[in-house]
Amino acid sequence: MDMKKKSEDFIDQVLSEMTLREKFGQLTQLETVRAEQEEELKEKVRRGEVGSILMSVGATAGNTPQGDINTDFYNELQKIAVEESPHGIPLLFGRDVIHGHRTVYPIPLAMAASFDFDLIRNCYREIAEEAANDSVHWSFAPMLDLSRDPRWGRIIEGYGEDPFVGSQMAKAVVEGLQGNALDEVGSVLACAKHFVGYGAAEGGRDYCHAEISDYGLYNYYLPAFREAIRAGALTVMSSFNDLNGEPISASRYYLTEILRDYLGFNGFVVSDYAAVHQLIRNGVAKDDREATELALNAGVDMDMWDSCYINEGERAVREGRISVETVDRAVKKILRVKLAKGLFTSPYCEKKPIDYASHRESAKALAAKSAVLLKNEGDVLPLNRSAKVLLVGEGATERRSLHGSWALDGKVDETPNFYEAMQEKLPINQLHYDKNCESNITDADVVVVALCEDHYSSGENASISHISITDYEKFILKRAKVLGKKLVGVFFYGRPIAMQGVAEYFDAILYAWHGGCEVARAAADLLFGDCLPCGRLPVTFPRRATHLPLYYNCYSSGHEVNSYYGECLPGCYRDSHASPYYPFGYGLSYSSIRYGSVLCDRAELSVSEIQAGKRFCVSVEVENVGMRDAEETVQLYICDKVAKISRPLRELKSFRKIFLKKGEAVAVSFELGINDLGYYNKKGEFTLEAGDFDVFIGENCLTKNKVTVSLK
Ligand code: BGC
């Protein structure tokens with residue numbers, strides 16, 4: 001008998017023996033409790049009233065220290081489920097392992113800036129290994145919410161504003177977490193979240209209403225989820241927001257018609273934290289019973305935290321509001337995932353030795369590749385080894401915030417701060433730290449200012465309206481400026497900030513993000529040229545927050561005033577110029593890169609050829625004409641010039657990271673085909689139309705280097 005059939009028979013058999021209450025138990029996720037409530041939780045597990053455990057206490061947004069995970073406790077709970085509960089169904093343990101476990105890697109937005117998705121995949125392999133060793137079966141990552149609003153605190157958990165980057169990220173994280181086989185030791189289930197539109201919350205206000213057109217949904221917000229499903233994600237989390245007036249957790253349209261019927265997802269959906277109960281506040285349910293009915297019928301299979309399903313489900317079935325078939329379908333999906341994860345055969349966590357030192361090396365490598373060199377006037381960087389450095393700013397001694405939000409298991413005392421990292425680079429007589437920049441005489445050659453955003457200022461429920469540096473940091477900057485030395489800013493920030501009125505202070509800026517437990521060392525390496533800066537922005541840095549939303553893959557206006565990305569003067573505001581301060585894809589190296597003209601092997605192709613799978617080749621010569629080696633991210637954008645519906649002025653379709661020695665030139669070529677030229681119409685049908693396409697290749701989205709290809 002084949003395995004699949006055997007599994008289905010097994011599931012049918014178990015299901016036929018379960019009471020309705022036990023079935024709702026499988027659909028229930030409870031959180032870990034404080035010590036005094038442990039016995040009560042064990043009792044519920046024993047009665048078969050729990051299917052999964054959220055391994056944290058309280059909606060902490062990953063910021064409240066929870067202490068080390070007690071593997072013995074989880075093994076004990078599991079033993080009760082396996083040996084004492086009615087059908088011996090193992091529990092599924094889930095945790096917010098978002099960008100690291102004990103080893104903390106850069107926040108996901110920073111990871112995306114590396115454009116190194118192989119490295120990201122490897123890092124998630126390590127993350128999974130560490131988490132699995134601590135009883136975690138299931139991580140609530142990746143977060144795939146496209147966002148164009150840095151006021152939204154959770155922008156740091158995603159990949160920014162581009163669906164192509166989002167798809168690359170989705171694939172890398174899912175493959176990294178899940179490994180070759182889910183039932184192998186060291187693999188962890190991924191959860192694609194939050195489906196859908198959470199990142200489009202109006203005004204960047206967390207949990208708020210989002211409005212997305214069908215055309216926008218198919219082309220911008222769904223691609224990352226499509227890719228996560230293709231990569232094998234078996235769980236999806238429904239989002240807190242309402243979309244176009246439909247609270248997602250009650251929306252059959254989004255959770256069943258779009259997610260399952262259209263995207264082909266066949267795993268299970270878990271609600272977000274208490275989102276079923278919150279349907280009351282959303283104004284679509286009058287009580288928990290109605291909320292249960294709406295959510296389960298919409299397609300939420302597992303209820304996180306609020307116990308609505310276990311408390312109200314049976315009665316809702318008896319009243320005919322939910323069918324037994326619906327309940328059975330949801331239970332089956334969950335049992336299938338438990339089987340796939342191998343929980344029926346290996347339910348317990350057995351600790352294995354882990355090479356944490358090598359994981360820290362990867363975290364450092366990724367932090368270095370994620371950092372973006374935003375400015376380097378007069379080649380002030382890299383710093384000379386013999387330079388005398390004055391280091392200022394309280395960011396230099398910060399540790400916890402370097403981890404960023406959602407770092408439940410990172411060890412702050414194992415995280416070097418930036419002052420320590422600089423001490424590893426310079427002898428004592430060349431480095432002076434003056435936190436508040438109080439001495440106004442200095443013999444330093446350069447002043448390095450460490451700026452650090454508090455980790456509580458980003459992440460969940462941490463939206464802010466003033467996306468800038470703090471008043472204290474401005475004050476320090478002014479003092480530092482008076483010294484008349486070259487000023488280098490190292491930003492340990494989560495979100496992108498509005499750069500007007502900030503960037504001008506500096507000769508050089510390294511945006512190192514909340515880059516994880518090794519970011520301080522990575523930043524110091526970059527400052528001294530011990531590794532090469534190569535990060536590129538996955539999100540626009542605006543001049544002012546009042547220009548938001550501002551994103552590169554925008555549409556053309558019929559009027560010229562607001563031409564591409566506000567690049568045309570006068571801009572679309574009378575009082576300010578609304579072009580980005582730093583555009584999508586932007587980032588410098590320590591060298592200068594010259595792009596040759598874009599060449600295409602065919603100037604004309606037919607729609608039918610492309611539809612039949614024909615690909616064509618575009619290429620460009622890229623030369624390092626500067627004085628140092630460089631790692632360049634060659635970016636390819638498309639503009640579909642005439643279509644039935646306005647198409648974006650630029651869309652990233654491919655990129656290539658290349659290493660160029662000083663003076664070296666290489667030809668970089670790309671093959672393009674139907675997936676690069678087509679788009680989804682508002683019915684969600686993939687469409688390819690005849691017409692001209694501009695193909696841009698260059699250093700960021702503002703490149704004008706292009707060739708035009710005609711599709712007849
Ligand atoms: C967040 C989710 C998270 C869940 C569990 C919610 O508040 O929105 O992203 O996975 O809590 O901690």
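Residues numbered from 1 in each chain as written. Predicted model: local features only at pLDDT ≥ 70, side-chain atom pairs only at ≥ 80, totals over all residues. Heavy atoms only, no water.

(A) Region of the structure containing the pairing of strand β14 (residues 446–452). The buried count for β14 comes to 7 of 7 residues, which makes it a mostly enclosed element. Burial along β14 is two-sided: Val 446, Val 448, Ala 450 and Cys 452 facing one way and Val 447, Val 449 and Leu 451 facing the other are all buried. By the bridge criterion, 4 bridges tie strand β12 (residues 389–392) to β14 in an arrangement that is parallel. Paired with Val 389 across the bridge in β14 is Val 446. (Buried < 20%, exposed > 50% of the residue type's maximum accessible area, 1.4 Å probe, protein only. Helix = DSSP H or I, 4+ residues; strand = E, 2+ residues; numbered from the N terminus. Pairing = 2+ DSSP bridges.)

(B) Examining empty space enclosed by the protein more closely. Enumeration according to the criterion identifies 3 cavities of 30 Å³ or more in this entry. Volume-wise, the largest cavity comes out at about 80 Å³. As for the largest cavity, its lining consists of Met 18, Glu 22, Gln 26, Val 45, Gly 48, Val 50, Ala 81, Ser 85, Pro 86, His 87, Ile 89 and Leu 91. Of the residues assigned to the lining of the largest cavity, the class counts are 7 nonpolar, 4 polar and 1 charged. Size it by volume and the second largest cavity reaches roughly 60 Å³. The wall of the second largest cavity is formed by Ile 98, Pro 108, Tyr 124, Ala 141, Pro 142, Met 143, Leu 144, Glu 157, Met 169 and Val 173. Classifying every residue of the lining of the second largest cavity by side-chain character gives 9 nonpolar, no polar and 1 charged. (1 Å grid on protein atoms, 1.4 Å probe; cavity = no way out; pocket = protein on both sides within 12 Å on 5 of 7 lines; lining within 4 Å. Points joined across faces, edges and corners; volume = space filled by probe spheres on them. Nonpolar A, V, L, I, M, F, W, Y, C, P; charged D, E, K, R; others polar.)

(C) The arrangement of the sheet that holds strand β6 (residues 235–238) in detail. The parallel open sheet is built from 3 strands, whose spatial order is β5-β6-β9. Unpaired on one side and paired on the other, β5 (191–195) and β9 (268–270) mark the two borders of the sheet. Looking at each pair of strands side by side, their axes are set apart by 30° on average, direction ignored. Where β6 meets β9, 3 bridges bridge the pair, whose relative direction is parallel. Along β9, the bridge assignment pairs Val 236 with Val 269. Relative to β5, helix α10 (residues 252–262) is tilted by about 135°, and along the sheet it contacts β5, β6 and β9. (Axes fitted to C-alpha atoms, helices over the stretch in contact; angles between N-to-C directions. Contact = heavy atoms within 4.5 Å.)

(D) Expanded view of the sheet that holds strand β13 (residues 431–433). Pairing is mixed across the open sheet formed by 6 strands, whose spatial order is β11-β16-β15-β14-β12-β13. Each of the sheet's edge strands pairs with one partner strand only, and the pair in question is β11 (372–376) and β13. For this sheet the average axis-to-axis angle between neighbouring strands, irrespective of direction, equals 15°. As paired elements, strand β15 (residues 486–492) and strand β16 (residues 508–511) share 4 bridges and run parallel to each other. Paired with Gly 489 across the strands is Ile 509, a residue of β16. Lying on the sheet, helix α18 (residues 519–527) is in contact with β14, β15 and β16; it crosses β15 at an angle near 150°.

(E) Summary view of the nonpolar core. One finds Phe 195, Phe 491 and Met 499 to be the most contacted residues of the largest nonpolar core, which totals 179 residues. Sequence-distant contacts of Met 499, defined by excluding residues within four places in its chain, comprise Leu 374, Phe 491, Glu 504, Tyr 511, Phe 541, Pro 542, Arg 543, Tyr 581 and Tyr 582. Counting residues in hydrophobic clusters, the runner-up holds 36 residues, among them Ala 367, Ala 371, Val 380 and Leu 426. (Core = buried A, V, L, I, M, F, W, Y, C linked by side-chain atoms within 4.5 Å.)

(F) Examining α18 more closely. Taking burial as the measure, the 9 residues of α18 include 8 buried ones, the bulk of the element. By the burial criterion, the buried members of α18 are Val 519, Ala 520, Ala 522, Ala 523, Ala 524, Asp 525, Leu 526 and Leu 527. Here the buried face of α18 lies against α14 (356–370), α15 (400–403), α16 (418–423), β14, β15 and β16. At the exit of α18 stands Gly 529, carrying a positive phi of roughly 75°.

(G) Structural context of the pattern of salt bridges. According to the stated counting rule, one finds 57 salt bridges in the structure shown. Of the charged contacts in the structure, one is a salt bridge between Glu 49 and Arg 21, with a shortest N-O distance of 3.0 Å. Here Glu 49, found in the loop between α3 (38–46) and β2 (52–54), pairs with Arg 21, found in helix α2 (residues 20–26); they are 28 residues apart in sequence, far enough to count as distant. Given the relative accessible area of 10%, Glu 49 is considered buried. (Salt bridge = Lys/Arg side-chain N within 4 Å of Asp/Glu carboxyl O.)

(H) Layout of the site of the ligand. Around the ligand, the neighbouring residues are Asp 96, Phe 140, Arg 154, Lys 193, His 194, Met 237, Phe 240, Asp 272, Tyr 273, Met 304 and Glu 460. Between the ligand and the protein, one listed contact pairs an oxygen atom with a side-chain N or O atom of His 194 at 2.7 Å. When the ligand is considered free in solution it has 310 Å² of accessible area, and contact with the protein chains removes 97% of it. When its residues are assigned to classes, the shell around the ligand shows 5 nonpolar, 1 polar and 5 charged. (Near = heavy atom within 4 Å. Polar contact = N/O pair within 3.5 Å; in protein donor to acceptor, adjacent residues only side chain to side chain. Areas by Shrake-Rupley, 256 points an atom, 1.4 Å probe, with all protein chains shown as cover.)

(I) Representation of the pairing of strand β27 (residues 706–711). Bridge count between strand β19 (residues 604–605) and β27: 2 bridges; the pairing is parallel. Looking across to β27, one finds that Leu 605 is bridged to Leu 711. Two strands pair when backbone bridges link them, and strand β26 (residues 691–698) and β27 are joined in this way by 6 bridges, in the antiparallel orientation. Residue pairing in the sheet places Asp 694 in a bridge with Thr 708 of β27.

(J) The arrangement of helix α4 (residues 71–84) in detail. Relative to the 20 Å expected for 14 residues at 1.5 Å per residue, α4 spans 19 Å between its end C-alpha atoms, a close match to the ideal helical length. Of all the residues in α4, the buried ones are Thr 71, Phe 73, Tyr 74, Asn 75, Leu 77, Gln 78, Ile 80 and Ala 81. At its buried positions, α4 is contacted by α3, β2 and β3 (92–95). One side-chain oxygen of the residue at the start of α4 lies 3.1 Å from the amide nitrogen of Asp 72, identifying that residue as Asn 70. (Expected span 1.5 Å × (residues − 1).)

(K) Inspection of the packing of helix α8 (residues 214–221) against α10 at higher detail. Packing of α8 against α10 leaves a shortest axis separation of 14 Å and a crossing angle of 50°. Here α8 lies oblique to α10, going by the angle between them. Read as a crossing pair, α8 and α10 show a hand that is right-handed. From α8, Asp 214, Leu 217 and Tyr 218 reach across to α10, where they touch Tyr 253, Tyr 254, Ile 258 and Tyr 262. Of the residues that constitute the contact of α8 with α10, the class distribution is 6 nonpolar, no polar and 1 charged. (Parallel < 35°, antiparallel > 145°, perpendicular 65-115°, else oblique. Left-handed = near helix turned anticlockwise from the far one by under 90°.)

(L) Quick peek at the environment of Thr 397. Along the chain, the position of Thr 397 falls in the loop between β12 and α15. A relative accessible area of 36% means that Thr 397 is categorised as partly exposed.

(M) Examining the layout of surface pockets more closely. Put simply, the largest pocket is a space of about 850 Å³. Forming the walls of the largest pocket are 33 residues, and the residues nearest its centre are Phe 164, Ser 167, Pro 223, Lys 653 and Asn 675. Mapped by element, the contributors of at least two residues to the lining of the largest pocket are α6 (117–132), α7 (163–178), α8, α9 (223–230), β22 (651–660), β23 (665–672), α20 (674–677) and β24 (679–680). In terms of residues, the lining of the largest pocket owes the most to one element, α7, which gives 5 residues. Each residue belonging to the lining of the largest pocket can be placed in one class, and the counts come to 13 nonpolar, 7 polar and 13 charged.

(N) The side chain of Glu 157, seen in detail. Examined against the element boundaries, Glu 157 turns out to sit in the loop between β4 (138–139) and α7. Overall, Glu 157 belongs to the buried group, its relative accessible area being 2%. Of the polar contacts made by the side chain of Glu 157, one reaches the side chain of Trp 406; its length is 2.5 Å. Once residues within four sequence positions are removed from consideration, Glu 157 is found in contact with Pro 108, Met 143, Trp 406, Gly 459 and Glu 460.

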